[in-house]
Amino acid sequence: MAEQGKGTSYISGKESRRITRFNRRVTRKLEKQRADASKDPKLYTTKMEDPENIVEFDNVCTYFFSDVGVVKAVDGVNFQVPRHSTVGIVGESGCGKSVTSLSLMQLLQRPSGQTVGGEIRFNKGDGSAYNIVNTPNSIMEKIRGNQISMIFQEPMTALNPVFRIGEQIDEVIELHNPDMTEEKVKARSLEMLDMVGIANKEGVYNMYPHELSGGMRQRICIAIALACSPSLIIADEPTTALDVTIQAQILDLLQNLKDRLQSSIMLITHDLGVVAGMADYVVVMYAGRVVEKGTAEEIFHHPAHPYTIGLMKSKPVVGQKVDKLYNIPGSVPNPVAMPDYCYFRDRCEMQCARCSGKYPPEIRISGTHVVSCWRYMEEGKVLGYPKSVDVSTL
Ligand SMILES: Nc1ncnc2c1ncn2[C@@H]1O[C@H](COP(=O)(O)OP(=O)(O)OP(=O)(O)O)[C@@H](O)[C@H]1O
Ligand code: SF4
Ligand SMILES: [Mg+2]
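Thresholds, definitions, all that
- Residues numbered from 1 in each chain as written.
- Chains lettered and ligands numbered in written order.
- Predicted model: local features only at pLDDT ≥ 70, side-chain atom pairs only at ≥ 80, totals over all residues.
- Pairing = 2+ DSSP bridges.
- Helix = DSSP H or I, 4+ residues; strand = E, 2+ residues; numbered from the N terminus.
- Contact = placed C-beta atoms within 7 Å.
- Axes fitted to C-alpha atoms, helices over the stretch in contact; angles between N-to-C directions.
- Near = placed C-beta within 6 Å.
- Nonpolar A, V, L, I, M, F, W, Y, C, P; charged D, E, K, R; others polar.
- Core = buried A, V, L, I, M, F, W, Y, C linked by C-beta atoms within 7 Å.
- Buried ≥ 20, exposed ≤ 12 C-beta atoms within 10 Å, placed from the backbone.
- pLDDT = per-residue confidence, 0-100.
- Left-handed = near helix turned anticlockwise from the far one by under 90°.
- Expected span 1.5 Å × (residues − 1).
- Arc of directions from axis to C-beta.
- Parallel < 35°, antiparallel > 145°, perpendicular 65-115°, else oblique.

## Structural notes on the sheet that holds strand β14 (residues 381–384)
Move 1: Strand order across the open sheet formed by nine strands is β7-β8-β9-β4-β10-β11-β13-β12-β14, with mixed pairing between neighbours. Of all the strands in the sheet, just β7 (148–151) and β14 have a single pairing partner and so form its edges.
Move 2: Relative to strand β10 (residues 281–286), strand β4 (residues 86–90) is paired through four bridges, and the arrangement is parallel. Paired with V90 across the two strands is V284, which belongs to β10.
Move 3: Along the sheet, helix α9 (residues 214–226) makes contact with β7 and β8 (232–236), crossing β7 at roughly 170 degrees.

Here is the structure:
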């Protein structure tokens, strides 16, 4: 939308003022629509397409109305998280993994960040669902930390440095269980410390975050996230800040606790090794869209999309000697001005004549395996095209 000079990101003063006016008008309107919708339970209550799923993302579009134009960070994303399963979300930096999870938690930076299209259905347990996009904040406060919780990448910044560990776990339990006595809250906090494998639980309960190692801090973050037995845990790069041996311990712990609490995990990472070891299903994202999804076996052993094939090729293999590790040529297109054709085309080594046409549809190539690539047009069933929102109509 920005009137930019050829090959540059220059925006004239006039264009910049026009973008600011447009952003102000649209975000005000969207905020008002959301406030109105959140007053009417009919507008934020819906039904799960499949009651066996805990979350369904249905053509979700989350855009940022930024100073340089509209960034379509998540644009027509479709995938499900089945109950009691781990779904890995992979893709290179900036492809929209975190924005997808923040949309589910309603933690986007507003008013500039807005979910402008689609539905995010969160199962209430009986097949009926909240459409998170319109759910009022008063209900979101009960869902966050209680039914859906999040573990972040950097455990030091996720914990408050001025409060003792015990106080920070107690706070979450008290918030969601206002009738619990102080003794019971403390007992539950100690139980959680025990569950996440902290040996000296009474001692750690009284410590500050800086007195713990990185691995211990991440265990505390997991204890806080799981204190209310959530039905969905979002782990956004949970082990990136930790060394490899601690990484394996934390992932094992997360997987064990998930089974014990009968939760599901949405595991966001760019580390394919982590996903391979843990996930039941894998969703591959590229430039704000899902390009392939399927079981971990399908994605790792039979990748179909040229981007996924490239990701697999760029992974080092133990015992295999190579002079130079493969890397996918080129870079992701400018998020403010996405092309009309396949977003991967300019980097794709397998493109054909059809690839210059419109963006490819989602094609089912087996019961669980779906890919967005023209090469599979004859081999599978077309499910539909991702639905982008035309911002000029907002
Ligand atoms: N607050 C914001 N304002 C404007 N644009 C944003 C904002 N937050 C994210 N974006 C844009 O949205 C896109 C997706 O970002 P996101 O954080 O989801 O990437 P990611 O896949 O999680 O990457 P990483 O692996 O580096 O964490 C990026 O182009 C980013 O620049
Ligand atoms: S649609 Fe064409 S350009 Fe896009 S990934 Fe498939 S083969 Fe490559
Ligand atoms: Mg991220």
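Still more ground to cover, so stick around.
## A word on the site of ligand 2
Move 1: Around ligand 2, 13 residues are found, and the nearest of them are C342, R345, C348, C355 and C373.
Move 2: Counted by class, the shell around ligand 2 contains nine nonpolar, two polar and two charged residues.

## A word on the nonpolar core
Move 1: Formed by 88 residues in total, the largest nonpolar core has its most connected members in A223, M266, L267, V284 and Y286.
Move 2: Setting aside residues no more than four positions away along its own chain, V284 makes contact with V90, G91, V290, V291, E292, K293, I299, H305, Y307 and T308.
Move 3: Counting seven residues, the second largest nonpolar core, distinct from the first, contains A304, I363, V371 and Y376.

## Comments concerning the site of ligand 1
Move 1: The environment of ligand 1 is formed by 17 residues, the closest being F64, A73, S93, S98 and V99.
Move 2: For the shell around ligand 1, the secondary structure elements donating two or more residues are β2 (53–66), β3 (69–82) and α3 (97–105).
Move 3: Looking at which element gives the most residues to the shell around ligand 1, the answer is α3, with three residues.
Move 4: For the shell around ligand 1, the residue count by class is six nonpolar, ten polar and one charged.

## Brief notes about the confidence of the model for the protein
Move 1: Averaged over all residues, the pLDDT of the protein equals 90, while 97% of them reach at least 70.
Move 2: Between the elements of the protein, mean pLDDT differs from a low of 80, seen in helix α5 (residues 155–158), to a high of 98, seen in strand β13 (residues 370–371).
Move 3: Considering only residues more than four positions removed or in separate chains, one finds that residues 1–7, a stretch of pLDDT under 50, has 14 contacts.

## With respect to the pairing of strand β5 (residues 113–123)
Looking down a regular strand, the side chains alternate between one sheet face and the other.
Move 1: In terms of residue burial, β5 counts as a mostly covered element, since nine of its eleven residues are buried.
Move 2: Pairing analysis gives eight bridges linking β2 to β5, with the strands arranged antiparallel. Bridge pairing in β5 links D58 to E119.
Move 3: Strand direction decides the pairing type here: β5 and strand β6 (residues 128–131), joined by three bridges, are antiparallel. Across the sheet, the residue bridging to R121 is N131, located in β6.

## Topic: the sheet that holds β5
Move 1: Read from one edge of the open sheet, five strands run β1-β6-β5-β2-β3, paired in antiparallel fashion. Pairing within the sheet leaves two strands with one partner each, and these edge strands are β1 (45–47) and β3. For this sheet the average axis-to-axis angle between neighbouring strands, irrespective of direction, equals 20 degrees.

## Section: the pairing of β2
Move 1: By the criterion of burial, β2 is predominantly enclosed, with ten of the 14 residues buried.
Move 2: In the sheet, β2 pairs with β3 via ten bridges, with the strands oriented antiparallel. When the sheet's bridge partners are listed, V55 is paired in β3 with V81.

## Structural notes on the environment of D126
Move 1: Within the secondary structure, D126 sits in the loop between β5 and β6.
Move 2: Given 8 C-beta atoms within 10 Å, D126 falls into the exposed group.
Move 3: Note: C-alpha distance between D126 and M48 (78 residues apart in sequence) is 9.3 Å.

## Thoughts on the packing of helix α6 (residues 165–176) against helix α7 (residues 182–195)
Move 1: Between α6 and α7, the least distance of the axes is 9 Å, while the angle of their chain directions is 115 degrees. Where α6 crosses over α7, the handedness of that crossing is right-handed. Of α7, the residues touching α6 (which contributes G166, I169, D170, I173 and E174) are V185, K186, R188, S189 and M192.
Move 2: A class-by-class count of the residues in the contact of α6 with α7 yields four nonpolar, two polar and four charged.

## Section: α7
Two residues of an α-helix separated by three or four positions point the same way, owing to the 3.6 residues in each turn.
Move 1: Here α7 spans 20 Å end to end across 14 residues, near enough to the 20 Å set by a 1.5 Å rise per residue.
Move 2: Taken together, the buried positions of α7 are S189, M192 and L193. End-on, the buried residues of α7 take up no more than an arc of 100 degrees, which puts them together on one face. Exposed and oriented more than 90 degrees from the buried face of α7 are E183, K184 and D194.
Move 3: Residues of α7 that are buried sit in contact with α6, α8 (201–205) and α9.

## Thoughts on α3
Move 1: When you tally the buried positions in α3, you get seven out of nine residues, the bulk of the element.
Move 2: Inspection of α3 places K97, S98, V99, T100, L102, S103 and L104 among the buried residues, and these make up the whole buried set.

## Quick word on the packing of α6 against α9
Move 1: The N-to-C vectors of α6 and α9 enclose an angle of 20 degrees; their axes lie 8 Å apart at closest approach. In this view, α6 runs roughly parallel relative to α9, as classed from their interaxial angle. Remark: the crossing between α6 and α9 carries right-handed chirality. Where α6 approaches α9, its residues I165, Q168, I169 and V172 are matched on the opposing element by I220, A223 and I224.
Move 2: Taken together, the residues of the contact of α6 with α9 break down into six nonpolar, one polar and no charged.

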